[in-house]
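Residue strings, one per chain:
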Amino acid sequence: MKKKIRLYLDTSVISYLDQKDMPDRMKETQEVWEILKSNKYEVIISSLAIREISECKDEKREVLMSYLEEINYGKYTIDEDTEDLAELIIEEGILRPKSLDDATHIAAAILSNSSMILSWNFKHLVNYNTINGVRQICFKKHINRIIDIYSPYVLLENDEENDNKKGDDNND
């Protein structure tokens, strides 16, 4: 049996499930959630993401927590090693000190052995400088795998490709 890809979800992905001021992104995120509900992927969510969700206003928090009940996920607990790696990400200039939570998400994804981070945070996570910097950190720390950082679009595109391949198979 093929091993599932381990995905780390940062808080933005969960938050956009109920982002009424951005209906297109909310709809796309809900489509991604349907894919996650199918258990095609192994999902990891950190204690930091849970804490950030718990800090939302009551109504949004309740909605987001009910979404989390719809999927199977592993919980990664932030520990001293995670905090140290996040600090290294800051020290190396990949992210600024005010983005410590974003650095912590990256560290949690790396240390949870995730293959991919999904995020809607284009400013701090889904961009060339961060992706390249994370690869350099992994190299320095002798982490022998690459962690990719993508927007959730990648799951929608991958799901469409698989559907198209299935359709092509039926036309043989």
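Each value, and the rule that gives it
Residues numbered from 1 in each chain as written. Predicted model: local features only at pLDDT ≥ 70, side-chain atom pairs only at ≥ 80, totals over all residues. Heavy atoms only, no water. Helix = DSSP H or I, 4+ residues; strand = E, 2+ residues; numbered from the N terminus. Expected span 1.5 Å × (residues − 1). Buried < 20%, exposed > 50% of the residue type's maximum accessible area, 1.4 Å probe, protein only. Contact = heavy atoms within 4.5 Å. Polar contact = N/O pair within 3.5 Å; in protein donor to acceptor, adjacent residues only side chain to side chain. Phe/Tyr/Trp six-rings, centres within 6.5 Å; stacked < 30°, edge-to-face > 60°. Lys NZ or Arg CZ within 6 Å of the ring centre and 35° of its normal. Patch = residues over 30% accessible without salt bridge, like charges linked within 9 Å, V, L, I, M, F, W, Y side chains within 5 Å. Areas by Shrake-Rupley, 256 points an atom, 1.4 Å probe, with all protein chains shown as cover. Salt bridge = Lys/Arg side-chain N within 4 Å of Asp/Glu carboxyl O. Lys, Arg positive; Asp, Glu negative; His and termini not counted. Charge placed at Lys NZ, Arg CZ, Asp CG, Glu CD. Axes fitted to C-alpha atoms, helices over the stretch in contact; angles between N-to-C directions. Parallel < 35°, antiparallel > 145°, perpendicular 65-115°, else oblique. Left-handed = near helix turned anticlockwise from the far one by under 90°. Nonpolar A, V, L, I, M, F, W, Y, C, P; charged D, E, K, R; others polar. Core = buried A, V, L, I, M, F, W, Y, C linked by side-chain atoms within 4.5 Å.

Colleague: Can you walk me through helix α5 (residues 80–91) in this structure?
Modeller: The α-helix advances 3.6 residues per turn, and as a result positions three or four apart in sequence lie on the same side. Between the first and last C-alpha of α5 there are 16 Å, a value that for 12 residues agrees with the 16 Å anticipated at 1.5 Å per step. Every buried residue of α5 is accounted for by T82, L85, A86, L88, I89 and I90. In this structure, the buried residues of α5 make contact with β3 (73–76), α6 (100–111) and α7 (128–140). Between the side-chain oxygen at the start of α5 and the backbone nitrogen of D81 there is a gap of 3.2 Å, and the oxygen is on D79. The first or second residue beyond α5 is G93, which carries a positive phi of 80°.

Colleague: Can you help me understand α7 in this one?
Modeller: With 13 residues, α7 ought to run about 18 Å at 1.5 Å a step, and its terminal C-alpha atoms sit 18 Å apart, in line with that. In the core, the buried residues of α7 are packed alongside α5, α6 and β5 (148–150). Capping the start of α7 is the job of one residue whose side-chain oxygen sits 3.2 Å from the backbone nitrogen of N129: N127.

Colleague: So what exactly am I meant to see when it comes to the packing of aromatic side chains here?
Modeller: To describe a pair of aromatic rings, one takes the distance between the centres and the angle between the planes. Inspection of every chain in the model, using the stated rule, returns four aromatic pairs. Measuring from centroid to centroid gives 6.2 Å for Y16 and W120, while their planes differ by 65°, and the two rings are edge-to-face. Pair noted here: Y16 is in the loop between α1 (11–15) and α2 (23–37) and W120 is in the loop between β4 (116–118) and α7, with a separation of 104 residues, a long-range link. Y16 sits in the buried class, given a relative accessible area of 15%. Here the aromatic cluster, defined as three or more aromatic residues joined through ring pairs, consists of Y16, W120, F122 and Y153. A cation sits over an aromatic face here: R25 above Y16, 5.5 Å from the ring centre.

Colleague: For this particular structure, what's the right way to read a negative patch on the surface?
Modeller: Among the surface-exposed residues, D79, E80, D81, E83, D84, E87 and E91 lie close enough to one another that they form a single negatively charged patch. In this fold, E83 is placed in helix α5. Among the residues examined, E83 registers a relative accessible area of 45% and is labelled partly exposed.

Colleague: I would appreciate a short explanation of the packing of α5 against α6 in the present structure.
Modeller: To characterise two packed helices, one gives the angle between the axes of the helices and the distance between these axes. The interhelical angle for the contact between α5 and α6, taken along N-to-C directions, is 120°, at an axis separation of 8 Å. By the angle between their axes, α5 is oblique relative to α6. Crossing of α5 over α6 shows right-handed handedness. Of the residues in α6, those in contact with D81, T82, L85, A86, E87, I89 and I90 of α5 are L100, A103, T104, I106, A107, A108, I110 and L111. Here the contact of α5 with α6 is built from residues that sort into 11 nonpolar, two polar and two charged.

Colleague: Would you explain the nonpolar core in this entry?
Modeller: Here is a general trend for soluble globular proteins: nonpolar side chains tend to be buried in one another's company. With 26 residues, the main nonpolar core has L9, I14, W33, L36, I45 and L155 as its most contacted residues. Mapped by element, the contributors of at least two residues to this core are β1 (6–9), α1, α2, β2 (42–46), α3 (47–54), α4 (58–68), β4 and α8 (153–170). Setting aside anything within four residues of it in sequence, one finds L36 in contact with L7, L9, Y41, V43, I71 and L155. A86, A107, A109 and I147 belong to the second largest nonpolar core, which has 25 residues in total.

Everything listed here is a matter of geometry and, on its own, says nothing about what the molecule does.
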